[in-house]
Amino acid sequence: MKYKLNNIQIYIESNYEKMSKQAAYLLASQIRLNSQSVLGLATGGTPVGMYKELVRMHKEEGLDFSQVSSFNLDEYCPISRDNPQSYYYYMMDNLFKHINIDTDRINIPNGNVENIEEECKNYENKIIKAGGIDFQVLGIGNNGHIGFNEPDDKFEAFTHLVYLDEGTIEANSRFFDSIDEVPKKAISMGIKTIMLAKKIMLLANGKNKAAIIKKTIFGEITPKVPASILQVHPDVTFVVDEEAASEIIPLLK
Ligand code: GLP
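Here the structure is a predicted model, which is why all the values come from computation and not from measurement.

**Q** How do you make sense of helix α1 (residues 16–33) when you look at a structure like this?
**A** Every α-helical turn comprises 3.6 residues, leaving residues that sit three or four positions apart pointing alike. In this model α1 runs 26 Å from its N-terminal to its C-terminal C-alpha over 18 residues, within 8% of the 26 Å that 1.5 Å per residue would give. All of the buried residues along α1 are M19, S20, Q22, A23, A24, L26, L27, A28, Q30 and I31. Contacts made by the buried residues of α1 are with β2 (8–13), β3 (38–41), α2 (48–61), β7 (135–138), β10 (199–204) and β11 (236–241). At the N-terminal end of α1, a side-chain oxygen is found 3.2 Å from the backbone nitrogen of E17, two or three residues along, and the residue is N15.

Below you can see the structure in the form of structure tokens.
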């Protein structure tokens, strides 16, 4: 089912697999339309199925990534790239090593550098040099974070160092052996970096995302719910499953 609320498009799919396929289809359409697209990519549990479908499209349908560039939203800090919990490792494992993207065009913040400030500045400049992001994929934290932009009193504009919320550390501890192993910091694109993307697609699935999806689309625009800023983006698409959409479905009818 597809809904349109002014600048916001919402696809509600019956389950995770259909959500993943719809998201992959929209991303693949972007690449087919512009083979040199600059993609903004997300990690987390949510987009795993979308990446799986993109790999299938590459292998079975010849979806060509050879001219595509990519910028990931975020990375833990400190973490080494060979740590299976790093977002670098995740991207290699779930997508990059299975497709024909040019490794020189892959960009992921390095969470293992001494000078974080310089890393953030360089990352932001690289995005500008690439001409900005054409299509940004987002997941969403239970507290409304996008990338690792945690709820705050103000929106942080550009790529920056983040101190992770307790709740985020707890939520992400499911990927680690113990909660103590979850890094306490991260490097994340800022809200302005994200909002400057020409198109944005946010994915969410599962009942535990239902409340935050409602707040994001229908709530007050506030840095306390970072994703709520998407309400003012000119071209944003939500691709969600029925569970994540359960609190917005009554408002769309
Ligand atoms: C992580 C990532 C976000 C992601 C979010 C949701 O902490 N930094 O980019 O969107 O949390 O994760 P999940 O998809 O596993 O629910």
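**Q** Before we go on, may I ask you to explain the sheet that holds strand β8 (residues 160–163) in this structure?
**A** Hydrogen bonds between backbone atoms are what pair the strands of a sheet, whose relative direction is either parallel or antiparallel. In space, the 3 strands of this open sheet follow the order β5-β9-β8, with antiparallel pairing throughout. Looking along the sheet, the strands with just one partner apiece sit at the ends: β5 (74–77) and β8. Strand-to-strand twist in this sheet, taken as the mean axis angle between neighbours without regard to direction, amounts to 30°. Sheet topology note: the β5/strand β9 (residues 185–188) ladder contains 4 bridges and is antiparallel. Bridge pairing in β9 places D74 opposite S188.

**Q** Mind showing me how you'd approach the sheet that holds β3 here?
**A** Strand order across the open sheet formed by 8 strands is β1-β2-β11-β10-β7-β3-β4-β6, with mixed pairing between neighbours. Sheet topology places β1 (2–5) and β6 (106–107) at the edges, where each strand pairs with a single neighbour. Its contacts with the sheet put helix α4 (residues 116–129) on β4 (69–72) and β6, and the angle it makes with β4 is roughly 150°.

**Q** What should I look at first to understand the environment of D180 in this one?
**A** Considering the arrangement of structural elements, one finds D180 in the loop between α5 (166–172) and β9. Looking at D180, the relative accessible area reads 67%, which means it is exposed. Along the chain, D180 and V239 lie 59 residues apart, while their C-alpha atoms are 33 Å from each other.

**Q** What am I meant to see in the site of the ligand here?
**A** Contacts to the ligand come from 13 residues, most closely from G45, T46, D74, R174 and K209. Between an oxygen atom of the ligand and a side-chain N or O atom of N172, the distance comes to 2.9 Å. Between the ligand and the protein, one listed contact pairs an oxygen atom with a side-chain N or O atom of K209 at 2.7 Å. Contact with the protein chains removes 94% of the 390 Å² of surface that the ligand exposes when unbound. Looking at the shell around the ligand residue by residue, the class counts come to 3 nonpolar, 7 polar and 3 charged.

**Q** I'm lost on the nonpolar core in this one. Help?
**A** One broad rule of soluble globular proteins: the nonpolar side chains tend to lie buried together. With 68 residues, the main nonpolar core has I10, M50, L54, F96, L230 and F238 as its most contacted residues. With 7 residues, α1 is the single largest residue contributor to this core. Here L230 is in contact with N7, L138, I146, M195, I200, L202, V236 and F238, once residues within four sequence places are set aside. The next biggest cluster of nonpolar side chains, apart from the first, holds 10 residues, and it includes I79, Y87, V162 and L164.

**Q** Just to check I follow, could you spell out unusual backbone geometry for this structure?
**A** Across residues other than glycine, the phi torsion is negative in most instances, and most of the peptide bonds are trans. A cis geometry characterises the amide bond from C77 onward to P78, with omega recorded as -10°. With respect to the secondary-structure elements, P78 resides in the loop between β5 and α3 (87–94). A positive phi angle, close to 50°, is found at N6, a residue other than glycine. One can find N6 in the loop between β1 and β2. The exposure class assigned to N6 is exposed, which follows from its relative accessible area of 71%.

**Q** Even after reading the chapter, I still don't get the environment of D104, so can you show me in this structure?
**A** Mapped onto the elements of the fold, D104 is located in the loop between α3 and β6. Given the relative accessible area of 68%, D104 is considered exposed. C-alpha separation for the pair D104 and N149, spaced 45 residues apart in sequence, amounts to 27 Å.

**Q** Would you take a moment to explain a nonpolar patch on the surface for this structure?
**A** Side chains of F155, I221 and V232 sit close together on the surface and give an oily, nonpolar patch of about 230 Å² of accessible area. Residue position: F155 is located in the loop between β7 and β8.

**Q** It is not clear to me how the packing of α1 against α2 should be interpreted in this structure. Could you clarify?
**A** Two numbers describe a pair of packed helices, the interaxial angle and the distance between the axes. It is at 8 Å that the axes of α1 and α2 come closest, and there the two elements cross at 55°. Taken together, the axes of α1 and α2 lie oblique to each other. Like other packed secondary-structure pairs, α1 and α2 cross with a definite hand, here right-handed. For the pair α1 and α2, contact is made by Y16, S20, K21, A23, A24, Y25, L27, A28 and R32 and by V48, G49, M50, E53, L54, M57 and E61, respectively. Residues belonging to the contact of α1 with α2 are distributed by class as follows: 10 nonpolar, 2 polar and 4 charged.

Analysis parameters
- Residues numbered from 1 in each chain as written.
- Predicted model: local features only at pLDDT ≥ 70, side-chain atom pairs only at ≥ 80, totals over all residues.
- Heavy atoms only, no water.
- Helix = DSSP H or I, 4+ residues; strand = E, 2+ residues; numbered from the N terminus.
- Expected span 1.5 Å × (residues − 1).
- Buried < 20%, exposed > 50% of the residue type's maximum accessible area, 1.4 Å probe, protein only.
- Contact = heavy atoms within 4.5 Å.
- Polar contact = N/O pair within 3.5 Å; in protein donor to acceptor, adjacent residues only side chain to side chain.
- Pairing = 2+ DSSP bridges.
- Axes fitted to C-alpha atoms, helices over the stretch in contact; angles between N-to-C directions.
- Near = heavy atom within 4 Å.
- Areas by Shrake-Rupley, 256 points an atom, 1.4 Å probe, with all protein chains shown as cover.
- Nonpolar A, V, L, I, M, F, W, Y, C, P; charged D, E, K, R; others polar.
- Core = buried A, V, L, I, M, F, W, Y, C linked by side-chain atoms within 4.5 Å.
- Patch = residues over 30% accessible without salt bridge, like charges linked within 9 Å, V, L, I, M, F, W, Y side chains within 5 Å.
- Salt bridge = Lys/Arg side-chain N within 4 Å of Asp/Glu carboxyl O.
- Parallel < 35°, antiparallel > 145°, perpendicular 65-115°, else oblique.
- Left-handed = near helix turned anticlockwise from the far one by under 90°.

That's the geometry; what it means functionally is another story.
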